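Residue strings, one per chain:
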Amino acid sequence: MIDATTDAGQSGPPPGVAPGVDTHCADVVVIGAGQAGLSAAYHLRRTGFAPGSGYVILDGDDGPGGAWQHRWPTLVFDRVHGFHDLPGMPFPTVDPRRPAAEQVSAYFAAYERAFDLPVRRPVRVRAVHSRPDGWLDVDTDRDRWTTRALINATGTWTRPFWPHYPGRSSFRGRQLHTADYRGPGEFAGLRVVVVGGGTSAVQLLGEVSTVAAATTWVTRRPPVFRDEEFGPELGRAAVARVDEAVRAGRPPGSVVGVTGLPVTPEVRRLRERGVLDRLPMFDRITPDGIAWSDGRSVPADVILWCTGFRAALDHLAPLGLRAPGGGIRMDGTRVVADPRLHLVGYGPSASTIGANRAGRAAVNEIRALLAPAAALD
């Protein structure tokens with residue numbers, strides 16, 4: 001196996017490092033240790049990049065598990081919509097009734113140990129800057145890393161999306177996002193408005209409706225429920241649409257917009273109970289609830305925003321990667337404007353199986369960039 005660090009000709013840290021900053025050097029920096037980041041790290045290790053000097057993983061969480069460790073405790077494993085093994089290590093037998101957060105976090109921790117992956121945590125990346133010498137500076141809350149290539153695997157969990165509606169600041173009740181949800185118990189006896197048309201909205205609405213005094217479901221568009229099984233053809237169509245968007249420099253859209261919502265036994269039960277009697281999006285928020293321009297109103301104690309997430313890419317802003325369409329123009333995992341950068345778990349690879357494939361593809365291209373003769377087959 002060719003040592004990628006030696007083969008690339010690295011002879012030490014690049015010149016011009018600012019004095020007084022604790023600076024380290026690696027050929028490749030991976031940001032994020034979720035599914036996408038661990039997959040990329042596996043392929044870096046397998047193809048000869050040395051831990052530390054060849055590659056390092058910077059993770060902002062206190063422990064292993066990526067975004068999974070933050071999922072609500074009532075999300076048990078048999079309610080997870082698809083999970084794929086990390087490369088080189090199968091997921092162990094699961095207890096379908098145990099929280100997914102516990103089981104996936106334990107798996108990720110075991111994976112890091114099994115492959116001795118150089119994960120540093122908690123390290124929060126503040127900004128990435130391009131250097132005149134062709135390297136990149138990765139500034140964190142602890143130190144600085146200089147690198148020749150970057151794999152960004154930061155996902156979306158840290159960037160919950162809160163849409164603006166008139167009167168939101170006047171609401172006297174509680175407002176929270178999916179990212180803040182910890183279970184239905186705290187909503188007992190309350191009037192709850194659930195906003196959003198995705199899978200999480202339906203799941204949380206179903207849970208909350210069992211204890212709340214009343215629930216109201218509102219969405220921007222009428223939800224489309226899918227009775228047929230989600231198969232390869234539908235999956236390819238969803239990925240193709242998202243891929244088309246990122247290649248054109250537009251933000252990746254919602255997969256649910258392509259696939260629709262699956263009609264599970266739970267969804268059928270919710271329909272029978274009338275929980276899924278959806279209302280169109282309200283026009284404003286009042287101190288005591290929500291209201292429409294036609295005079296209708298609904299009183300509420302809680303507004304639960306299940307309005308999705310955005311890609312956590314603010315630290316890349318100094319590189320000026322945004323296209324006129326608002327997204328980052330991509331070719332596979334590679335940023336078109338800067339071949340040193342690869343985004344995995346972004347756009348069409350924002351799934352567990354997609355992240356695995358993207359991790360390998362990114363490493364293949366980076367290896368070709370840094371050491372052309374050593375590219376993967």
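Treat the numbers as computed from the prediction; the structure is a model and nothing was measured.

Student: What exactly am I supposed to notice about the packing of helix H4 (residues 199–208) against helix H7 (residues 265–273) here?
Tutor: Each pair of packed helices can be described by the angle between their axes along with the distance between the axes. Packing of H4 against H7 leaves a shortest axis separation of 11 Å and a crossing angle of 55 degrees. The pairing of H4 with H7 is recorded here as oblique in orientation. When the axes of H4 and H7 are compared, the crossing they make is left-handed. Packed against H4, whose contacting residues are Val 202, Gln 203 and Gly 206, the element H7 presents Glu 266, Val 267, Leu 270 and Arg 273 at the interface. Counted by class, the contact of H4 with H7 contains three nonpolar, two polar and two charged residues.

Student: Help me understand the confidence of the model for the chain, please; the structure alone is not making it clear to me.
Tutor: In the predicted model, the chain carries a mean pLDDT of 87, and 85% of its residues have values of at least 70. For residues 1–13, every residue scores under 50 in pLDDT, and the model assigns this stretch 28 contacts once sequence neighbours within four places are set aside.

Student: What am I meant to see in the nonpolar core here?
Tutor: Side chains that are nonpolar tend, in soluble globular proteins, to be buried together. In terms of nonpolar packing, the biggest core is built from 60 residues, with Val 28, Phe 83, Leu 117 and Ile 151 touching the most fellow members. Setting aside its immediate chain neighbours within four residues, Ile 151 contacts Val 28, Val 29, Val 30, Ile 31, Ala 40, Leu 44, His 342, Val 344, Ala 362, Val 363 and Ile 366. Val 128, Val 138, Leu 150 and Met 330 belong to the second largest nonpolar core, which has 23 residues in total.

Student: I would appreciate a short explanation of the environment of Arg 79 in the present structure.
Tutor: Here Arg 79 lies in the loop between strand S2 (55–58) and helix H3 (100–114). Along the sequence, Arg 79 and Glu 266 sit 187 residues apart, while their C-alpha atoms lie 9.9 Å from each other. When neighbours within four sequence positions are excluded, Arg 79 is seen to be in contact with Thr 74, Gln 203, Glu 207 and Glu 266.

Student: Can you walk me through the pairing of strand S8 (residues 191–195) in this structure?
Tutor: Successive residues of a regular strand alternate their side chains across the two faces of the sheet. With four of its five residues buried, S8 lies for the most part within the structure. Bridging between S8 and strand S9 (residues 214–219) involves five bridges; their strand directions are parallel. Each bridged residue has a counterpart across the sheet, and for Val 193 the counterpart in S9 is Thr 216. Both S8 and strand S16 (residues 302–305) contribute to a ladder of four bridges, which runs parallel.

The rules we used
- Residues numbered from 1 in each chain as written.
- Predicted model: local features only at pLDDT ≥ 70, side-chain atom pairs only at ≥ 80, totals over all residues.
- Heavy atoms only, no water.
- Axes fitted to C-alpha atoms, helices over the stretch in contact; angles between N-to-C directions.
- Helix = DSSP H or I, 4+ residues; strand = E, 2+ residues; numbered from the N terminus.
- Parallel < 35°, antiparallel > 145°, perpendicular 65-115°, else oblique.
- Left-handed = near helix turned anticlockwise from the far one by under 90°.
- Contact = heavy atoms within 4.5 Å.
- Nonpolar A, V, L, I, M, F, W, Y, C, P; charged D, E, K, R; others polar.
- pLDDT = per-residue confidence, 0-100.
- Core = buried A, V, L, I, M, F, W, Y, C linked by side-chain atoms within 4.5 Å.
- Buried < 20%, exposed > 50% of the residue type's maximum accessible area, 1.4 Å probe, protein only.
- Pairing = 2+ DSSP bridges.

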